[in-house]
Amino acid sequence: MTDDPDPETTKRIERAVRKLPRLQREIFLAARLDDMSYVEIAERTGLSVGQVEREIARALVSIARRINRQQRRWWRFR
């Protein structure tokens, strides 16, 4: 068994990340892809560590909401 998401889930995640506000997306990708610490991101962006933590949390909530919305969309009739 693998922990890799299926290709469709990967596409939904990528779409959700692309829709994040620019700074939020850059902070999220720096933490997740570049494996930068919150302190390093704070130094690079000029934000406080607390602000970086909040932006990561907001990004995660936004991504989760978009993924859930996209998964349900196919069967919703309006």
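Scroll up to find the structure this text is about.
The structure reproduced in this document is the subject of the present report. Everything numeric in this text was worked out from a predicted model, so none of it was measured.

Let us now look at a nonpolar patch on the surface. A contiguous nonpolar surface patch, about 210 Å² in accessible area, is contributed by Tyr38, Val39 and Val49. Relative to the helices and strands, Tyr38 resides in helix α3 (residues 38–45). On the accessibility criterion, Tyr38 (31% relative accessible area) is partly exposed.

Look at helix α2 (residues 22–32) against α3: their axes get within 10 Å of each other, and the N-to-C directions meet at 145°. The interaxial crossing formed by α2 with α3 has right-handed handedness. For the pair α2 and α3, the contacting residues are Leu23, Ile27, Ala30 and Ala31 in the first and Tyr38, Ile41 and Thr45 in the second. Looking at the contact of α2 with α3, its residues break down into 6 nonpolar, 1 polar and no charged.

Glancing now at the pattern of salt bridges. According to the stated counting rule, one finds 3 salt bridges in the structure shown. In this structure, Glu8 engages Arg15 in a salt bridge whose closest nitrogen and oxygen atoms are separated by 3.8 Å. You can call Glu8 partly exposed: its relative accessible area is 39%. Exposure remark for Arg15: the relative accessible area of 31% places this residue in the partly exposed category. Between Glu55 and Arg58 there is a salt bridge; the shortest N-O distance is 2.9 Å. With Glu55 and Arg58 both in helix α4 (residues 49–72) and 3 residues apart, this pair spans about one turn of that helix. For Glu55, a relative accessible area of 17% translates into the label buried. Judged by relative accessible area, which is 47%, Arg58 ranks as partly exposed.

How each quantity is defined
- Residues numbered from 1 in each chain as written.
- Predicted model: local features only at pLDDT ≥ 70, side-chain atom pairs only at ≥ 80, totals over all residues.
- Heavy atoms only, no water.
- Patch = residues over 30% accessible without salt bridge, like charges linked within 9 Å, V, L, I, M, F, W, Y side chains within 5 Å.
- Areas by Shrake-Rupley, 256 points an atom, 1.4 Å probe, with all protein chains shown as cover.
- Salt bridge = Lys/Arg side-chain N within 4 Å of Asp/Glu carboxyl O.
- Helix = DSSP H or I, 4+ residues; strand = E, 2+ residues; numbered from the N terminus.
- Buried < 20%, exposed > 50% of the residue type's maximum accessible area, 1.4 Å probe, protein only.
- Axes fitted to C-alpha atoms, helices over the stretch in contact; angles between N-to-C directions.
- Left-handed = near helix turned anticlockwise from the far one by under 90°.
- Contact = heavy atoms within 4.5 Å.
- Nonpolar A, V, L, I, M, F, W, Y, C, P; charged D, E, K, R; others polar.

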